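Descriptive structure summary
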Amino acid sequence: MAFDSLTDKLQNVFRKLRSKGTITEADVKEAMKEVKRALLEADVNFKVVKQFINSVSERAVGEEVLKGLNPGQMVIKIVKEEMDKLMGSETTELKLLPSNEITIVMMCGLQGAGKTTTVAKLAGKFKNKGKKPLLVACDVYRPAAIKQLEINGEKVGVPVFSMGDGHKPVNIAKAAIEHAAKNDINLVFLDTAGLHVDEDMMNELAEIKENLNVTYTILTVDAMTGQDAVNVATSFNDKIGIDGVILTKLDGDTRGGAALSIKAVTGKPILYAGMGEKLTDLEQFYPDRMASRILGMGDVESLIEKAQSAIDEEKAKEMEEKFKKASFDFNDFLDQMEQMEKMGGMNDILKMLPGFGNKKQLQNLEIDDNAMNMPKAIILSMTKQERSHPEIINPSRKKRIADGAGVPISEVNKLIKQFEQSRKMMKQMSGMMGGKRRGGFKLPFGF
């Protein structure tokens, strides 16, 4: 994820502060120098950095901090609070108009920022909340833009309104609103063009806003572009006015300066963050949670939300009962792997836990999310009967399974042995605990 380098550097600063029994004003000054250097290297706007360092320093040199019982921890707390403020303090949500009115969301942004994919992600998110959205293809300039929107719309189950590339975007938008009104649709997303920032494009966007009651104008910017993303946000806000920003590619190897600068420079909140290529990889932006991630403090709340959306509650109860009786089979293991994939894999899960916020720590653990590909391929090569009744898997069946999965037979033997050991261990645990397990189920085979 973005911020890995920044997290490492800030944690080094905090480690030094925590190691001191007492802290002087000089210690705070030295720590803030290192924090300033780390933020500038992360491509945070220099004016924002200056203001941030001044705010933290002013609070951190107070008598109640320096003479407190745990001054190092108090300084870190101040850094966290000021970072929350930097990114907006509170989460901003899109509030839809009453159901008898049409909420119009105009999505804008430059080509390559991931706008067309993001608008489909956003529409899919609202569809999952029980809304009935419509995607509108207003980008009539970029080759294949309409087709891309139609493909993504189909994937998230949201209809797409299109008139082709021979019409003015404002007329397409008007026709789409008429179509929405006739079809009982009250949430419309306009996917506009964004080849480059110029007067023609801005006039086109302004024309749409003049002719339609646009509820929200949302800008999509690429986090990988750092301060350029902030400059783009400033240009769009100055020329047409925006209500919020969606940061894409925040899962990439970026320095992260855009996330820490946009709100402070433009005054507009970050609404969502794109955290991957899947059409489900769009997260609500919580400034306090993002600050926790940046500072290496984890993000347990987001992890819980991911788990709640990925894990089927009924299946979880059923699985717990199976574990009590040590009666789980390979179908159950397959279900668990799929649920973990929905949560983004073990690396993504660990990144949200306190103390596992950066690449170096994860590399030390040597966790490879692709490690699940082989056992999954082996299980998928089994018949339904073999998955349900592993005890029938004899040497000839093992050979067929290995051939089907494209792996050596030794890997099949290894998986079956791990499976049997896990089931045996569960049986022993159930006996020791009187058949009662505490704290829900865990993943078998050490995953």
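Below or above, wherever it landed, is the structure these notes cover. (Residues numbered from 1 in each chain as written. Predicted model: local features only at pLDDT ≥ 70, side-chain atom pairs only at ≥ 80, totals over all residues. Heavy atoms only, no water.)

1. Re the overall build of the chain
- Helix and strand counts for the chain come out as 21 helices and eight strands.
- Within the chain, the proportion of its 447 residues that are buried is 48%.
- Across the chain, the fraction of contacts at a sequence separation of at least 24, relative to all contacts at a separation of at least 6, is 74%. (Helix = DSSP H or I, 4+ residues; strand = E, 2+ residues; numbered from the N terminus. Buried < 20%, exposed > 50% of the residue type's maximum accessible area, 1.4 Å probe, protein only. Contact = heavy atoms within 4.5 Å.)

2. Things to note about the pattern of salt bridges
- Applying the stated criterion across every chain yields a total of 16 salt bridges.
- Of the charged contacts in the structure, one is a salt bridge between Lys-16 and Glu-34, with a shortest N-O distance of 3.2 Å. You can see Lys-16 sitting in helix α1 (residues 4-18) and its partner Glu-34 sitting in helix α2 (residues 25-41), a full 18 residues away along the chain.
- Since its relative accessible area comes to 45%, Lys-16 is described here as partly exposed.
- Relative accessible area serves as the criterion here: at 18%, Glu-34 is assigned to the buried category.
- Across the pair Arg-59 and Glu-81 runs a salt bridge, and its minimum N-O distance is 2.5 Å. (Salt bridge = Lys/Arg side-chain N within 4 Å of Asp/Glu carboxyl O.)

3. Things to note about the environment of Leu-134
- Relative to the elements of secondary structure, Leu-134 occurs in strand β2 (residues 133-137).
- Spatially, the C-alpha atoms of Leu-134 and Ile-177 are 9.5 Å apart, while their sequence positions differ by 43 residues.
- In this view, Leu-134 contacts Val-158, Pro-159, Val-160, Phe-161, Ala-176, His-179, Ala-180, Ile-185, Leu-187, Val-188 and Phe-189; residues no more than four positions away in its chain are not counted.

4. Here's the deal with the sheet that holds strand β1 (residues 103-109)
- Within the open sheet, the eight strands sit side by side as β3-β2-β4-β1-β5-β6-β7-β8. Their pairing is mixed. Here the strands that pair on one side only, and so sit at the sheet edges, are β3 (160-161) and β8 (282-284).
- As defined by bridge partners, β2 adjoins β3 across two bridges and the pair is classed as parallel. Counterpart to Leu-135 in the pairing with β3 is Val-160.
- Where helix α8 (residues 169-182) meets the sheet, its contacts fall on β1, β2, β3 and β4 (187-191), and the angle it forms with β2 comes to roughly 155 degrees. (Pairing = 2+ DSSP bridges. Axes fitted to C-alpha atoms, helices over the stretch in contact; angles between N-to-C directions.)

5. So, the nonpolar core
- Grouped together as the largest cluster of nonpolar side chains are 77 residues, with contacts concentrated most on Phe-236 and Leu-260.
- Excluding its chain neighbours within four sequence positions, the residues that come into contact with Leu-260 are Phe-3, Leu-6, Leu-39, Val-44, Val-48, Met-83, Leu-86, Met-87 and Ile-294. (Core = buried A, V, L, I, M, F, W, Y, C linked by side-chain atoms within 4.5 Å.)

6. Here we look at helix α10 (residues 227-239)
- Across its 13 residues, α10 extends 19 Å between first and last C-alpha, which sits within 8% of the 18 Å expected from 1.5 Å per residue.
- Listed as buried for α10 are Gln-227, Ala-229, Val-230, Val-232, Ala-233, Phe-236 and Asn-237.
- Buried residues along α10 sit against β1, α9 (199-211), β5 (216-222) and α11 (257-266).
- Downstream of α10 by a residue or two, Gly-241 has a phi angle that is positive, lying close to 85 degrees. (Expected span 1.5 Å × (residues − 1).)

7. As for the packing of aromatic side chains
- What the rule picks out here adds up to two aromatic pairs.
- Ring geometry for Phe-126 and Phe-189: centres 6.1 Å apart, planes at 45 degrees, overall tilted. Of this pair, Phe-126 sits in helix α6 (residues 115-128) while Phe-189 sits in strand β4, and the two are 63 residues apart along the sequence. Judged on exposure class, the residue Phe-126 and its partner Phe-189 are both buried.
- Arranged with centres 4.2 Å apart and planes meeting at 25 degrees, the rings of Phe-330 and Phe-419 form a pair that is stacked. In this pair, Phe-330 is assigned in helix α15 (residues 330-342) and Phe-419 in helix α21 (residues 409-432), connecting sequence segments 89 residues apart. For the pair formed by Phe-330 and Phe-419, the shared burial category is buried.
- A cation over an aromatic ring shows up here: Lys-129 above the ring of Phe-126, its NZ or CZ 5.0 Å from the ring centre.
- It is Arg-289 that lies over the ring of Tyr-286; its NZ or CZ is 3.7 Å from the centre. (Phe/Tyr/Trp six-rings, centres within 6.5 Å; stacked < 30°, edge-to-face > 60°. Lys NZ or Arg CZ within 6 Å of the ring centre and 35° of its normal.)

8. Here's the deal with unusual backbone geometry
- Non-glycine residue Asp-43 carries a positive phi angle of around 70 degrees.
- Of note, Asp-43 is situated in the loop between α2 and α3 (46-60).
- By relative accessible area, Asp-43 is classed as buried at 17%.
- Here the phi dihedral of Asp-184 falls at roughly 60 degrees; this positive angle occurs in a residue that is not glycine.
- Position of Asp-184 among the secondary structure elements: in the loop between α8 and β4.

9. Concerning the environment of Ala-258
- Assignment of secondary structure puts Ala-258 in helix α11.
- For Ala-258, a relative accessible area of 1% translates into the label buried.
- Sequence-wise, Ala-258 and Ala-229 are 29 residues apart; in three dimensions their C-alpha atoms are separated by 6.2 Å.
- Contacts of Ala-258, omitting those with residues within four sequence positions, involve Gly-226, Ala-229, Val-230 and Leu-247.

Geometric descriptors of this kind do not, in isolation, establish any biological role.
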